[in-house]
Amino acid sequence: VIRAKISSEKVVPASDDPLDTHKMIRYEIKQIKMFKGFEKLKDVQYVYTPFDSSLCGVKLEANNKKQYLLTGQILSDGKVLIHLCNYIEPWDDLSLSQKKSLNQRYQMGCGCKITTCYMVPCSITSPNECLWTDWLIERKLYGHQAKHYACIKRSDGTCSWYRGGPPPEKEFIDISEP
C-alpha cells in the first residue's frame with residue numbers, strides 16, 4: 001500500500017519465456033509514502049499491470065502530476081503487481097477519513113474480516129466480522145461506508161465499524177432516566 005506519482009510507462013514482456021506473448025505495462029513510480037509492505041520491500045520503483053484491461057490491467061496517468069494510492073501484491077520475484085481488483089484511487093479522491101485511517105486506523109482492523117453484503121438477507125457469522133453494505137445500499141463498492149468508516153478490532157476481540165473524524169469539541173454527559 002503506497003502513495004506514489006507515476007513517472008513513466010513502458011510495455012514489457014510478461015516473462016522471459018519467448019513463447020509467452022503476454023505483455024505488461026511497467027509503470028515507473030516515485031514513491032511518496034509506503035503504508036504497508038515495508039517488511040518485504042523498502043522502496044518500490046516499478047509497478048506492473050497486465051497490458052490488456054480484459055486481463056484486469058490498470059491504466060494510470062504517467063505524467064508525474066497525479067498522485068495515487070496503490071495497493072497490490074508483491075510477487076516471489078519482488079515485482080509489485082497491480083490490477084483492477086486492487087484498490088487504486090487518485091489521492092485527491094480519497095476522503096479525509098481515508099487518508100487519516102491509512103496511518104493507523106486501518107491497521108487496527110488487521111484481525112478483522114470484512115464481509116460484503118450484495119443482497120438481503122446477509123449477516124456476519126463470527127464476532128470478528130464487519131458487514132460492508134455499500135453495494136447493497138448505494139450499488140457501488142466504494143460508497144459512504146468505505147469513505148468514512150474503518151472496521152477495527154475492539155478490546156473484547158469483536159470487530160465493528162468506527163467512524164473516523166475529529167473528536168467532539170465538548171464533553172458529553174451521560175444522563176439516564178431515574
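Summarised in this report is the structure supplied together with it. Please read these numbers as outputs of a predicted model, since none were measured by experiment.

1. Details of the overall build of the protein chain
Reasoning step 1: Regarding its fold elements, the protein chain presents three helices and 11 strands.
Reasoning step 2: Across the protein chain, helices and strands are ordered from the amino to the carboxyl terminus as β-β-β-β-β-β-β-α-β-β-α-α-β-β.
Reasoning step 3: Radius of gyration (C-alpha) of the protein chain: 20 Å, far over the 16 Å computed for a compact globule of 178 residues.
Reasoning step 4: C-alpha extents for the protein chain along the principal axes are approximately 80 × 35 × 30 Å.
Reasoning step 5: Across the 178 residues in the protein chain, those meeting the buried criterion constitute 34%.
Reasoning step 6: Considering only residue pairs separated by 6 or more positions, the protein chain has 49% of its internal contacts joining residues 24 or more positions apart.
Reasoning step 7: Total accessible area computed for the protein chain in this model is approximately 12,100 Å², and 54% of it derives from carbon and sulfur atoms.
Reasoning step 8: Averaging the coordinates of the 25 positive side-chain charges in the protein chain and doing the same for the 21 negative ones gives two points 4 Å apart.

2. As for the side chain of glutamine 98
Reasoning step 1: Assignment of secondary structure puts glutamine 98 in helix H1 (residues 96-105).
Reasoning step 2: Once residues within four sequence positions are removed from consideration, glutamine 98 is found in contact with Tyr87, Asp93, Tyr106, Ala146 and Lys147.

3. Overview of a nonpolar patch on the surface
Reasoning step 1: A contiguous nonpolar surface patch, about 510 Å² in accessible area, is contributed by Tyr118, Met119, Trp135, Leu141 and Tyr142.
Reasoning step 2: Along the polypeptide, tyrosine 118 turns up in the loop between strand S8 (113-116) and strand S9 (129-132).
Reasoning step 3: Taking the relative accessible area as the measure of exposure, tyrosine 118 reaches 49% and is therefore partly exposed.

4. Description of the packing of aromatic side chains
Reasoning step 1: Applying the stated criterion to the full structure yields three aromatic pairs.
Reasoning step 2: Judged by centre distance (6.2 Å) and plane angle (10°), the rings of phenylalanine 35 and tryptophan 91 are stacked. A residue pair is termed long-range when its members are at least 10 positions apart, and phenylalanine 35 in the loop between strand S2 (23-34) and strand S3 (46-50) and tryptophan 91 in the loop between strand S7 (88-90) and H1 qualify at 56 residues.
Reasoning step 3: Overall, the relative accessible area of 8% leaves tryptophan 91 in the buried class.
Reasoning step 4: Aromatic pair tyrosine 87 and tyrosine 142: ring centres 4.6 Å apart, planes at 65°, arrangement edge-to-face. One end of the pair, tyrosine 87, is in the loop between strand S6 (80-81) and S7; the other, tyrosine 142, is in the loop between helix H2 (134-138) and helix H3 (144-148), with 55 residues separating them in the sequence.

5. Brief notes about the nonpolar core
Reasoning step 1: In this structure, Ile29, Val44, Val47, Leu60 and Leu70 are the most contacted members of the largest nonpolar core, which totals 17 residues.
Reasoning step 2: Breaking this core down by element, the ones donating at least two residues are strand S1 (2-13), S2 and strand S4 (67-70).
Reasoning step 3: Considering each element in turn, this core owes the most residues, four residues, to S2.
Reasoning step 4: Here isoleucine 29 is in contact with Ile2, Ala4, Lys5, Ile6, Ser7, Val44, Gln45, Tyr46 and Val47, once residues within four sequence places are set aside.
Reasoning step 5: Phe35, Leu69, Trp91 and Leu94 belong to the second largest nonpolar core, which has six residues in total.

So, how was this worked out
Residues numbered from 1 in each chain as written. Predicted model: local features only at pLDDT ≥ 70, side-chain atom pairs only at ≥ 80, totals over all residues. Heavy atoms only, no water. Helix = DSSP H or I, 4+ residues; strand = E, 2+ residues; numbered from the N terminus. Rg over C-alpha atoms; globule rule 2.2 N^0.38 Å. Buried < 20%, exposed > 50% of the residue type's maximum accessible area, 1.4 Å probe, protein only. Contact = heavy atoms within 4.5 Å. Areas by Shrake-Rupley, 256 points an atom, 1.4 Å probe, with all protein chains shown as cover. Lys, Arg positive; Asp, Glu negative; His and termini not counted. Charge placed at Lys NZ, Arg CZ, Asp CG, Glu CD. Patch = residues over 30% accessible without salt bridge, like charges linked within 9 Å, V, L, I, M, F, W, Y side chains within 5 Å. Salt bridge = Lys/Arg side-chain N within 4 Å of Asp/Glu carboxyl O. Phe/Tyr/Trp six-rings, centres within 6.5 Å; stacked < 30°, edge-to-face > 60°. Core = buried A, V, L, I, M, F, W, Y, C linked by side-chain atoms within 4.5 Å.

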